[in-house]
Amino acid sequence: MNLVTVKKTMSYLSASSLQRLPFQKVSMLAMTLFALGSLGAASPAMATAQQQSEETQQVYSLTSLTNLQNNNDFMVSSGLPAKAHLALLKEEGVAYVVDLIPGDRSQEIMNTAELGLNYFNVPVEWEKPVLTDFLNYSAFMQQVDRGSEKVLTHCKLNWRGASFTYLYRVNVLGEDENMAKKDLLAIWQPNPTWYAFMEGVIAHYNAINSTDNAMSFDAAIPKTES
């Protein structure tokens, strides 16, 4: 019952009919109607709280997290996580979150702060990834204790994330390129823009480390209209 219903109910009770009722019953009737009216007024807030609770309950495992991958002993990558996903990842040992999405990230900053997770944003423009994006990512990764901590790298669908974790594993950790490639291609095959970006990152590290790493796959062929 809402306030409108309460007012209508009161209007049906004429003054004469109320006068015929004992004082105690009139008081009890008024208190009951007031309580129902208050409940009705509070119902939107209650409905919102119930909806939030139901949304939280829907995330009961990490299987609902888009393109989740365990890349190695301390690196995890995925698409955009909900707060409940982050809480579950924390239980799995994740202590750091690297967010590769540009724009307003205030909600995730708040979520990670409330969960006690270390957050870092590298805003990577989808159409124009640059070397400094990866160098910033690599610099942040150095603070992770590989023996006792895990780090989540994520974007919206794990396309940026899969590319960055591939590059970090090959160029910084020295992992086998074929192993890193397997994880990357399980998520997506980089388009020409991202392929060129990744080639540039690899060339940079080859120059400073005297290595000869190279991608053992080709860029995805852009689809054209027939």
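What this report covers is the structure whose coordinates are included nearby. This is a predicted model, so every value here is computed, not measured.

Definitions and cut-offs
Residues numbered from 1 in each chain as written. Predicted model: local features only at pLDDT ≥ 70, side-chain atom pairs only at ≥ 80, totals over all residues. Heavy atoms only, no water. Helix = DSSP H or I, 4+ residues; strand = E, 2+ residues; numbered from the N terminus. Buried < 20%, exposed > 50% of the residue type's maximum accessible area, 1.4 Å probe, protein only. Contact = heavy atoms within 4.5 Å. Pairing = 2+ DSSP bridges. Right-handed = clockwise from strand over helix to strand, strands pointing away. Arc of directions from axis to C-beta. Core = buried A, V, L, I, M, F, W, Y, C linked by side-chain atoms within 4.5 Å. Salt bridge = Lys/Arg side-chain N within 4 Å of Asp/Glu carboxyl O. Phe/Tyr/Trp six-rings, centres within 6.5 Å; stacked < 30°, edge-to-face > 60°.

## What to know about the overall build of the protein chain
Thought 1: Counting its regular elements, the protein chain contains nine helices and five strands.
Thought 2: Counting the 226 residues in the protein chain, one finds 36% classified as buried.
Thought 3: For the protein chain, the share of sequence-separated contacts (at least 6 apart) that also reach a separation of at least 24 residues comes to 67%.

## Description of the pairing of strand E4 (residues 118–121)
Thought 1: Relative to E4, strand E3 (residues 94–99) is paired through four bridges, and the arrangement is parallel. Looking at the pairing, Val97 lines up with Tyr119 of E4.

## Comments concerning the sheet that holds E3
Thought 1: The sheet built from five strands is open, its strands ordered E1-E2-E5-E3-E4 with mixed pairing. Since the sheet does not close on itself, it has two edges, and those belong to strand E1 (69–70) and E4, each with one partner.
Thought 2: The pairing of E1 with strand E2 (residues 75–78) spans two bridges and is antiparallel. Across the sheet, Asn70 pairs through a bridge with Val76, a residue of E2.

## Description of the pairing of E3
Thought 1: Here E3 lies mainly inside the structure; six of its six residues are buried.
Thought 2: Where E3 lies against strand E5 (residues 150–154), five bridges are found, and the strand directions are parallel. In the strand pairing of E5, Val94 is matched with Lys150.
Thought 3: Handedness of the crossover joining E3 and E4 through helix H5 (residues 106–115): right-handed.

## Focus on the environment of Lys182
Thought 1: By the secondary structure assignment, Lys182 is in helix H8 (residues 177–187).
Thought 2: Separated by 111 residues in the primary sequence, Lys182 and Asn71 have C-alpha atoms spaced 10.0 Å apart.

## Thoughts on helix H6 (residues 131–141)
Thought 1: All buried positions along H6 are accounted for by Asp133, Phe134, Tyr137, Ser138, Phe140 and Met141. Down the axis of H6, the buried side of the element spans an arc of 160 degrees, and every buried residue falls inside it.
Thought 2: Residues of H6 that are buried make contact with E2, E3, E4, E5, helix H7 (159–171) and helix H9 (192–209).

## A few points about the nonpolar core
Thought 1: Formed by 35 residues in total, the largest nonpolar core has its most connected members in Phe134, Tyr137 and Tyr166.
Thought 2: Top contributing element to this core by residue count: H9, with seven residues.
Thought 3: The residues touching Tyr166, leaving out its near neighbours within four places in the chain, are Glu177, Ala180, Lys181, Leu184, Met198, Ile202, Ala214, Met215 and Phe217.
Thought 4: Listed in part, the eleven residues of the second largest apolar core include Leu88, Val94, Leu115 and Leu152.

## Observations regarding the pattern of salt bridges
Thought 1: Taken as a whole and assessed by the stated rule, the structure comprises five salt bridges.
Thought 2: Notably, a salt bridge pairs Arg105 with Glu108, separated by 3.2 Å at the nearest N-O pair. With respect to class, Arg105 is no different from Glu108; both count as buried.
Thought 3: The salt bridge partner of Asp183 is Arg169, with a shortest N-O separation of 2.7 Å. One end of the pair, Asp183, is in helix H8; the other, Arg169, is in helix H7, with 14 residues separating them in the sequence. For the residue pair Asp183 and Arg169, the accessibility class agrees, reading buried in each case.
Thought 4: Overlapping salt bridges, with partners in common, bring together Asp99, Arg105 and Glu108 in one network.

## A closer look at the environment of Glu127
Thought 1: Structurally, Glu127 can be placed in the loop between E4 and H6.
Thought 2: Residue classification places Glu127 among the exposed residues on the basis of a relative accessible area of 61%.
Thought 3: For the pair Glu127 and Trp194, spaced 67 residues apart in the sequence, the C-alpha separation amounts to 8.3 Å.

## Concerning the packing of aromatic side chains
Thought 1: A complete count under the given rule lists 17 aromatic pairs for this structure.
Thought 2: Consider the rings of Tyr137 and Tyr168, whose centres lie 5.9 Å apart with planes at 85 degrees: the pair is edge-to-face. Taken as a pair, Tyr137 in helix H6 and Tyr168 in helix H7 lie far apart in primary sequence, 31 residues in all. Comparing Tyr137 with Tyr168 shows no difference in burial state: the two are buried.

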